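Observations on the three-dimensional arrangement
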Amino acid sequence: MKFDFKIKRKGVWFTLYVLAVTLVFLYILFPSTALKIALTERLNQIHPDICFAIAKLKPLLPPGVKLYQVNILYRGATLLDLDTVKVTPDLLSLVGSRTKVKFKSRVYAGRLNGQAQLNPVGHPGRQTVDCRMAGIELQRITALKRLIPQKISGLLAGEFTYRTAGRTRSLTAHLTVTDSRLELADPLFNQQVLEFKAVDASVALKNETLTVQKCRLKGNQLDAEISGTIGLGDLGGQRALNLKGSVTPHHVLMAQIKNSLPAGLLKGVKTGRQAIGFKIGGTLDDPGLSLN
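Conventions we followed
- Residues numbered from 1 in each chain as written.
- Predicted model: local features only at pLDDT ≥ 70, side-chain atom pairs only at ≥ 80, totals over all residues.
- Heavy atoms only, no water.
- Helix = DSSP H or I, 4+ residues; strand = E, 2+ residues; numbered from the N terminus.
- Buried < 20%, exposed > 50% of the residue type's maximum accessible area, 1.4 Å probe, protein only.
- Contact = heavy atoms within 4.5 Å.
- Areas by Shrake-Rupley, 256 points an atom, 1.4 Å probe, with all protein chains shown as cover.
- Core = buried A, V, L, I, M, F, W, Y, C linked by side-chain atoms within 4.5 Å.
- Phe/Tyr/Trp six-rings, centres within 6.5 Å; stacked < 30°, edge-to-face > 60°.
- Lys NZ or Arg CZ within 6 Å of the ring centre and 35° of its normal.

Section: the overall build of the protein
Helix and strand counts for the protein stand at 4 helices and 14 strands. In the protein, which comprises 292 residues, the proportion classed as buried is 32%. Of all intrachain contacts in the protein linking residues separated by at least 6 positions in sequence, the fraction that spans at least 24 positions is 41%. Looking at the protein as shown, the accessible area adds up to about 18100 Å², and 60% of this sits on carbon and sulfur atoms.

Here's what the structure looks like:
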């Protein structure tokens, strides 16, 4: 019995040794370059204007890969910079027509994770990306700095779904921002900075037009509700603003508004009790505000 036990124990150690050596060789001989090229091609099918660049990747256990320095560009301009991304495929989907993967990433001091369904290279078809995010610092998002000339900060969280079906592409999202701060280039009623405790928004993006279905802001100086559309095209005429909403000023801001407007214009409006309607037109580069 003792002899059989020794043989079995040696057999276990030999199996573990072979497994360890195999894993080492698989790691050393892992086709990183070929897989990086194939994965980049697959990702670049998600949207014709979005390009992915991956510095390097390494294998992970359980089966998966870790991507390093992932740069996501929109029409050649940086959209997001991800330090690392962990990607784990659904093994059964690898033999099917659509590959399913899960991903996790750290980005701008926050986290981003979700899943995607991708078609083979050369077969765009229907593709889907579902994503959740939390704790992302708005002030560090490069694309936001280009989109909004004013300085903005806060912690972004929420979820979004991106879908493609042939040439039809759409994105829907529900987003929240906490502890946000907006520094205006030109003071509004002598107010240079607006601070918000909470922002809650539902938006949809289609054909370079962002539709703000609802946006509620709870702030230190005011509360507000906004809806409408924002053009995100490259040309000035395609960056049009068509927003409307209402603002309920708090005491200090209400006093500044009354001092800035002709006497009697806001007659009957009481601080924190009655909202003031407004419209925002013009373009992203040159917005215009009017009160109802």
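Digging into the nonpolar core
Within the largest apolar cluster, 55 residues are counted, with the highest numbers of intra-cluster contacts made by Leu67, Val70, Phe103 and Ile141. Of all the elements, strand β9 (residues 191-206) adds the most residues to this core, at 5 residues. Those residues within four positions of Val70 in sequence are excluded, and the remaining contacts are Phe52, Ala53, Ile54, Leu80, Asp81, Leu82 and Val85.

Describing the side chain of Gln127
Assignment of secondary structure puts Gln127 in strand β6 (residues 126-137). With residues up to four places along the chain from it excluded, the contact list for Gln127 reads Gln45, Ile46, Arg98, Gln117, Leu118, Asn119, Tyr162, Arg163 and Thr164.

Brief notes about the packing of aromatic side chains
For the structure shown, the criterion picks out 0 aromatic pairs. Lying over the aromatic face of Tyr68, Lys56 brings its terminal NZ or CZ to 5.0 Å of the ring centre.

Observations concerning the environment of Ala198
Relative to the assigned elements, Ala198 resides in strand β9. Sequence-distant contacts of Ala198, defined by excluding residues within four places in its chain, comprise Val177, Arg216, Leu217 and Lys218.

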